[in-house]
Amino acid sequence: MKQFRPLHEHAPRNARYPAEPGVSPHAEAPRWRGAWASSLARDNEAMEGGLVRCGHCGQRNRVPAAAAGTPRCGKCHQPLPWIADADDTTFGDIADAAKIPVLVDLWAPWCGPCRMVSPALEQLARDLAGRVKLVKVNVDASPRVSQRFGAQAIPTLLVLRGGQVAARQTGAAPLPVLRTWVENALAGPAH
Ligand SMILES: [Zn+2]
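As the structure is a computational prediction, the values presented were derived from the model and not from experiment.

What counts, and at which threshold
Residues numbered from 1 in each chain as written. Predicted model: local features only at pLDDT ≥ 70, side-chain atom pairs only at ≥ 80, totals over all residues. Helix = DSSP H or I, 4+ residues; strand = E, 2+ residues; numbered from the N terminus. Buried ≥ 20, exposed ≤ 12 C-beta atoms within 10 Å, placed from the backbone. Contact = placed C-beta atoms within 7 Å. Core = buried A, V, L, I, M, F, W, Y, C linked by C-beta atoms within 7 Å. Pairing = 2+ DSSP bridges. pLDDT = per-residue confidence, 0-100. Axes fitted to C-alpha atoms, helices over the stretch in contact; angles between N-to-C directions. Parallel < 35°, antiparallel > 145°, perpendicular 65-115°, else oblique. Left-handed = near helix turned anticlockwise from the far one by under 90°. Nonpolar A, V, L, I, M, F, W, Y, C, P; charged D, E, K, R; others polar.

### Section: the overall build of the chain
The helix and strand tally for the chain stands at five helices and eight strands. Reading the secondary structure of the chain in the N-to-C direction produces α-β-β-β-β-α-β-α-β-α-β-β-α. The burial tally for the chain puts 28% of its 191 residues in the buried class. When contacts within the chain are restricted to residue pairs at least 6 apart in sequence, long-range pairs at least 24 apart make up 64% of them.

Here it is, written out as structure tokens:
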């Protein structure tokens with residue numbers, strides 16, 4: 001298992017880091033782009049151009065990053081997966097103000113384990129549609145959110161209920177482990 005880099009090591013915004021010590025960023029770039037591209041391709045199955053496809057009837061729905069209540073399909077009224085990006089400016093509206101629990105993914109583009117865990121988190125957002133909102137925060141672009149949660153390594157995953165941390169997980173984990181972790185956090189007593 002790869003060691004996660006402490007946050008204080010990645011000062012420059014949008015910097016590209018080699019995956020392993022001694023490997024130049026240039027050597028890493030093609031692999032990075034490839035892995036990222038395939039992850040995006042998976043995303044696009046559920047979300048195309050800001051539209052979320054209903055898992056029940058296939059209808060495409062526009063889902064705002066922040067809204068009262070939870071998104072439902074305009075056609076069949078089933079809950080839709082809710083996946084949003086947030087940063088220092090928007091985190092309050094998108095995550096803190098959410099009326100359902102929020103699964104926060106503190107990630108960065110250069111972080112291999114983050115890319116590994118991202119599809120599992122999106123799968124959870126689909127499986128737990130209506131029960132949890134996935135909010136992704138790029139820590140390089142969101143120093144205040146990172147500091148607020150004391151994120152020393154990424155990925156750091158949090159379950160927020162009413163803006164309070166109900167559960168915390170550092171590092172990637174397989175989908176079944178994450179599913180149990182999130183469901184326990186949703187079932188536990190509110191903070
Ligand atoms: Zn539908």
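More follows now that the structure is in view.
### Description of the nonpolar core
Core analysis: the biggest nonpolar cluster contains 41 residues, and A95, L103, V104, A125, L134, V135 and I154 have the highest contact counts within it. Looking at this core, the elements with two or more residues in it are β4 (83-86), α2 (91-96), β5 (102-107), α3 (112-127), β6 (133-138), β7 (156-161) and α5 (175-187).

### Points about the pairing of β7
Counting buried positions along β7 gives five out of six residues, so the element sits mostly inside the fold. Of the strand pairs in this sheet, β7 and strand β8 (residues 164-170) are connected by six bridges, and their pairing is antiparallel. Residue pairing across strands places L157 opposite Q169, the latter belonging to β8. Where β7 folds back on β8, the antiparallel hairpin that results is connected by two residues, among which G162 adopts a positive phi of roughly 60°.

### Quick word on the confidence of the model for the chain
In the predicted model, the chain carries a mean pLDDT of 80, and the fraction of residues at 70 or more is 73%. Here helix α1 (residues 25-46) is the element of the chain with the lowest mean pLDDT, 39, and β5 is the one with the highest, 98. Under a pLDDT of 50 for its full length, residues 6-45 has, in the predicted model, 34 contacts with residues more than four places off or in other chains.

### As for the sheet that holds β6
Through backbone hydrogen bonds, the strands of a sheet pair up, either in parallel or in antiparallel fashion. Pairing is mixed in the open sheet, where five strands are placed in the order β4-β6-β5-β7-β8. Two strands in the sheet have a free side with no partner beyond their single neighbour: β4 and β8. Ignoring which end each strand starts from, the neighbouring axes of this sheet average 25° apart. Where α3 meets the sheet, it contacts β4, β5 and β6, and its direction lies at approximately 165° from that of β5. Its contacts with the sheet place α5 against β5, β7 and β8, and it is angled at close to 165° to β8.

### Comments concerning the environment of R144
Considering the arrangement of structural elements, one finds R144 in helix α4 (residues 143-148). Here the alpha-carbon distance between R144 and D87, two residues 57 residues apart in the chain, equals 8.6 Å.

### Section: the packing of α3 against α5
For any two helices packed against each other, one specifies the inter-axial angle together with the distance between the axes. Look at α3 against α5: their axes get within 10 Å of each other, and the N-to-C directions meet at 45°. Here α5 runs oblique to α3, going by the angle between their axes. Crossing hand, α3 versus α5: right-handed. Here A120, Q123 and L124 of α3 lie close against α5, whose contacting residues are L175, L178, R179 and V182. Its residues placed into classes, the contact of α3 with α5 shows five nonpolar, one polar and one charged.

### Thoughts on the environment of Q152
By the element assignment, Q152 lies in the loop between α4 and β7. Considered as a pair, Q152 and T170 are 18 residues apart in the sequence and their alpha carbons are 8.9 Å apart.

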